[in-house]
Amino acid sequence: MKLNAIGLPAAQSKALAADLNFLLANFQTYYQNLRGIHWNIRGRSFFDLHTKFEELYNDTNLKVDMIAERVLTLGETPLHTFADYTRVSKVPVGKDVSKDEDAIRLIVDSLKELLVLERKILDDSDRAGDEGTNAMMSDFITEQEKTVWMMKAWLAEQV
């Protein structure tokens, strides 16, 4: 079995990098959604949600960088064009979202898609012995599950 420069199976690393690129594209869509709802939110919840959405998009921007750097660490090239992102992303695109409930639902729906992708990468990275990717996915999942719980609480819905 051929190993890459960090001692992981080369073929499995290539497959993980492809999955991480898919995740990267979805995170970029999520990031743009957060920017859009941050800019366009209206109503009585404006002050609280405007601040919360900024917090979320700043965190997402850091995660985008982490994912891209992990793709590079695995020896591949991260996707980096909007054309690539829109071609492969499954996260719903939020256009002209300004109502508080619609914005929160967009976040929940987006995180649901991201969590499915992250759990697949978590399983695959575990099988490959890729602790770096595995730890990153585990951390993302833990944070995002909490965010979903909080957003569902705001919506007065059960998780």
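Before any of the text, the structure's been laid out above.
Let me sum up the structure you'll find in this document. (Residues numbered from 1 in each chain as written. Predicted model: local features only at pLDDT ≥ 70, side-chain atom pairs only at ≥ 80, totals over all residues. Heavy atoms only, no water.)

Attention now goes to the overall build of the chain. Across its full length, the chain holds five helices and zero strands. Starting at the N terminus and ending at the C terminus, the chain contains elements arranged as α-α-α-α-α. Its C-alpha atoms give the chain a radius of gyration of 17 Å, within 12% of the compact-globule value 15 Å for 159 residues. Along the three orthogonal principal directions, the C-alpha set of the chain runs to about 60 × 35 × 20 Å. A buried classification covers 45% of the 159 residues belonging to the chain. Restricting the contact set of the chain to residue pairs at least 6 apart, pairs at least 24 apart contribute 74%. Of the accessible surface of the chain, which amounts to about 8900 Å², a share of 53% is contributed by carbon and sulfur atoms. Across the chain, 19 positive and 25 negative side-chain charges occur, with their mean positions spaced 4 Å apart. (Helix = DSSP H or I, 4+ residues; strand = E, 2+ residues; numbered from the N terminus. Rg over C-alpha atoms; globule rule 2.2 N^0.38 Å. Buried < 20%, exposed > 50% of the residue type's maximum accessible area, 1.4 Å probe, protein only. Contact = heavy atoms within 4.5 Å. Areas by Shrake-Rupley, 256 points an atom, 1.4 Å probe, with all protein chains shown as cover. Lys, Arg positive; Asp, Glu negative; His and termini not counted. Charge placed at Lys NZ, Arg CZ, Asp CG, Glu CD.)

Here the focus is the packing of aromatic side chains. Counted according to the given criterion, the structure contains five aromatic pairs. Judged by centre distance (5.7 Å) and plane angle (55 degrees), the ring pair of Phe 27 and Phe 140 falls under tilted. Linking Phe 27 in helix 1 (residues 10-40) with Phe 140 in helix 5 (residues 131-154), this pair joins segments that are 113 residues apart in sequence. Both rings, one in Tyr 31 and one in Tyr 57, keep their centres 6.1 Å apart while their planes meet at 90 degrees; by these two values the pair is edge-to-face. Taken as a pair, Tyr 31 in helix 1 and Tyr 57 in helix 2 (residues 46-73) lie far apart in primary sequence, 26 residues in all. By the burial criterion, Tyr 31 is buried, and Tyr 57 matches it. (Phe/Tyr/Trp six-rings, centres within 6.5 Å; stacked < 30°, edge-to-face > 60°.)

Once that is clear, we can look at the pattern of salt bridges. In this structure the tally under the stated criterion is 13 salt bridges. Here Arg 70 ties to Asp 130 by a salt bridge, and the two come within 2.5 Å at their closest N and O atoms. One end of the pair, Arg 70, is in helix 2; the other, Asp 130, is in the loop between helix 4 (100-128) and helix 5, and 60 residues separate them in sequence. Take Arg 70 and Asp 130: they sit in the same class, and that class is buried. Overlapping salt bridges, with partners in common, bring together Asp 19, Lys 120, Asp 124 and Arg 127 in one network. (Salt bridge = Lys/Arg side-chain N within 4 Å of Asp/Glu carboxyl O.)

As a further point, take the packing of helix 1 against helix 5. Viewed as axis vectors pointing N to C, helix 1 and helix 5 meet at an angle of 30 degrees, and their least axial separation amounts to 13 Å. Taken together, the axes of helix 1 and helix 5 are roughly parallel relative to one another. In this structure, the crossing between helix 1 and helix 5 has a hand that is left-handed. Of helix 5, the residues touching helix 1 (which contributes Leu 20, Leu 23 and Phe 27) are Thr 133, Met 136, Met 137, Phe 140 and Gln 144. In terms of residue class, the contact of helix 1 with helix 5 is made up of six nonpolar, two polar and no charged. (Axes fitted to C-alpha atoms, helices over the stretch in contact; angles between N-to-C directions. Parallel < 35°, antiparallel > 145°, perpendicular 65-115°, else oblique. Left-handed = near helix turned anticlockwise from the far one by under 90°. Nonpolar A, V, L, I, M, F, W, Y, C, P; charged D, E, K, R; others polar.)

Glancing now at the nonpolar core. In this structure, Leu 20, Leu 23, Phe 53 and Ile 107 are the most contacted members of the largest nonpolar core, which totals 44 residues. If you list the elements that add at least two residues to this core, you get helix 1, helix 2, helix 4 and helix 5. Discounting chain neighbours no more than four positions away, the residues touching Phe 53 are Leu 34, Ile 37, His 38, Ile 41, Ala 103, Ile 104 and Ile 107. (Core = buried A, V, L, I, M, F, W, Y, C linked by side-chain atoms within 4.5 Å.)

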